[in-house]
Amino acid sequence: MRLTHMQREHLIERGYVKIPGAVPDIMVREAMKAINHSIGQGIPAGHRGANYCRELENRPVITDLFNRTPIKSIVDSLIGEEAYYSIGAGQIALRFPDYADNPPDDLGAHLDGVLRVKEGIAQNFTALVGVMLSDQTEPDRGNFKVYPGTHRDYEAFFREHGPEALLTDEGIRQRHRSDRVPLPKGVQITGEPGDLIITHYQLVHAGGVNQSDRIRCSVYFRVDHKDRRNDWRAPLVDLWRHWPGVRTAIPE
């Protein structure tokens with residue numbers, strides 16, 4: 001399975017794309033059954049963040065959502081078969097209903113991997129791949145929120161200030177994004193269980209506030225090109241360096 005021409009153009013221009021119905025209903029139901037069972041066993045006191053059900057992260061009921069569905073062939077067509085590290089785990093991301101009278105617009109626009117710096121090496125990656133498991137057909141249900149075009153803004157930012165700004169820029173260090181890159185209006189991505197979202201690493205995104213009466217559930221996979229770890233700086237200043245299936249669609 002491959003993206004259509006319009007879907008690839010959307011990914012290039014806006015930094016993300018949604019593909020409806022990428023995961024079969026039966027696999028969505030099995031994943032939700034496992035997650036709901038885990039929630040029923042209790043959530044550790046004081047838990048914070050969006051990562052839940054950690055004991056399920058590397059089990060087939062979660063990893064098969066990527067490895068045994070059309071998602072893998074789509075990612076292969078964009079980044080290259082065998083070009084990225086195999087997917088052995090997924091982040092189970094829950095958003096519980098919020099009772100705040102005046103909830104924020106989102107839960108913090110950011111770039112991933114900023115705080116997981118090891119020996120001066122940034123923990124950027126290539127693509128964020130998300131699967132909706134709960135009904136997110138309306139906004140304000142904890143929807144994944146994106147800031148279209150910021151992938152290109154950050155390419156320009158890193159070209160001007162150097163890739164090391166990912167580690168040294170004060171705004172990025174404190175807020176996971178630079179104060180010098182203005183944000184456009186954010187977009188809440190709506191969709192149904194089984195829908196797929198693919199975003200470029202450098203696209204600023206955020207968790208959405210859940211004002212519905214149900215738990216928002218999604219699973220995220222981080223795709224990391226094998227060449228990225230040897231030269232993490234290069235893709236920051238060359239957006240589609242590790243996306244051969246996208247580069248061919250970009251006009252000269």
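Computed from a predicted structure; not experimentally measured.

Draft legend 1. Spatial organisation of the packing of aromatic side chains. Tallied over the entire structure, the rule returns 9 aromatic pairs. A ring pair is formed by Phe 66 and Tyr 84, whose centres lie 6.3 Å apart and whose planes are at 80 degrees; its orientation type is edge-to-face. Of this pair, Phe 66 sits in helix α3 (residues 60-67) while Tyr 84 sits in the loop between α4 (70-79) and β2 (91-95), placing them 18 residues apart in sequence. This pair shows no difference in class: Phe 66 is buried, exactly as Tyr 84 is. Seen in terms of ring centroids, Phe 144 and Tyr 220 are 5.5 Å apart; in terms of plane orientation they differ by 40 degrees. Their pairing is tilted. With Phe 144 in the loop between β3 (127-132) and β4 (145-146) and Tyr 220 in strand β8 (residues 216-223), this residue pair connects regions lying 76 residues apart in the sequence. Each member of the pair, Phe 144 as well as Tyr 220, is classed as buried. Ring pairing ties together the aromatic residues Phe 66, Tyr 84 and Phe 221, which thus form one cluster. In this structure, Arg 229 is placed above the aromatic ring of Tyr 85, and the distance from its NZ or CZ to the ring centre is 3.9 Å.

Draft legend 2. A look at empty space enclosed by the protein. Inspection of every chain in the model, using the stated rule, returns 1 cavity of 30 Å³ or more. Space inside the largest cavity adds up to approximately 70 Å³. For the largest cavity, the full set of lining residues is Asn 124, Phe 125, Thr 126, His 200, Tyr 201, Gln 202, Arg 228, Pro 235, Leu 236, Leu 239, His 242 and Trp 243. Considering only residue class, the lining of the largest cavity consists of 6 nonpolar, 5 polar and 1 charged.

Criteria and thresholds
- Residues numbered from 1 in each chain as written.
- Predicted model: local features only at pLDDT ≥ 70, side-chain atom pairs only at ≥ 80, totals over all residues.
- Heavy atoms only, no water.
- Phe/Tyr/Trp six-rings, centres within 6.5 Å; stacked < 30°, edge-to-face > 60°.
- Helix = DSSP H or I, 4+ residues; strand = E, 2+ residues; numbered from the N terminus.
- Buried < 20%, exposed > 50% of the residue type's maximum accessible area, 1.4 Å probe, protein only.
- Lys NZ or Arg CZ within 6 Å of the ring centre and 35° of its normal.
- 1 Å grid on protein atoms, 1.4 Å probe; cavity = no way out; pocket = protein on both sides within 12 Å on 5 of 7 lines; lining within 4 Å.
- Points joined across faces, edges and corners; volume = space filled by probe spheres on them.
- Nonpolar A, V, L, I, M, F, W, Y, C, P; charged D, E, K, R; others polar.

No statement about biological role is implied by the geometric values presented.
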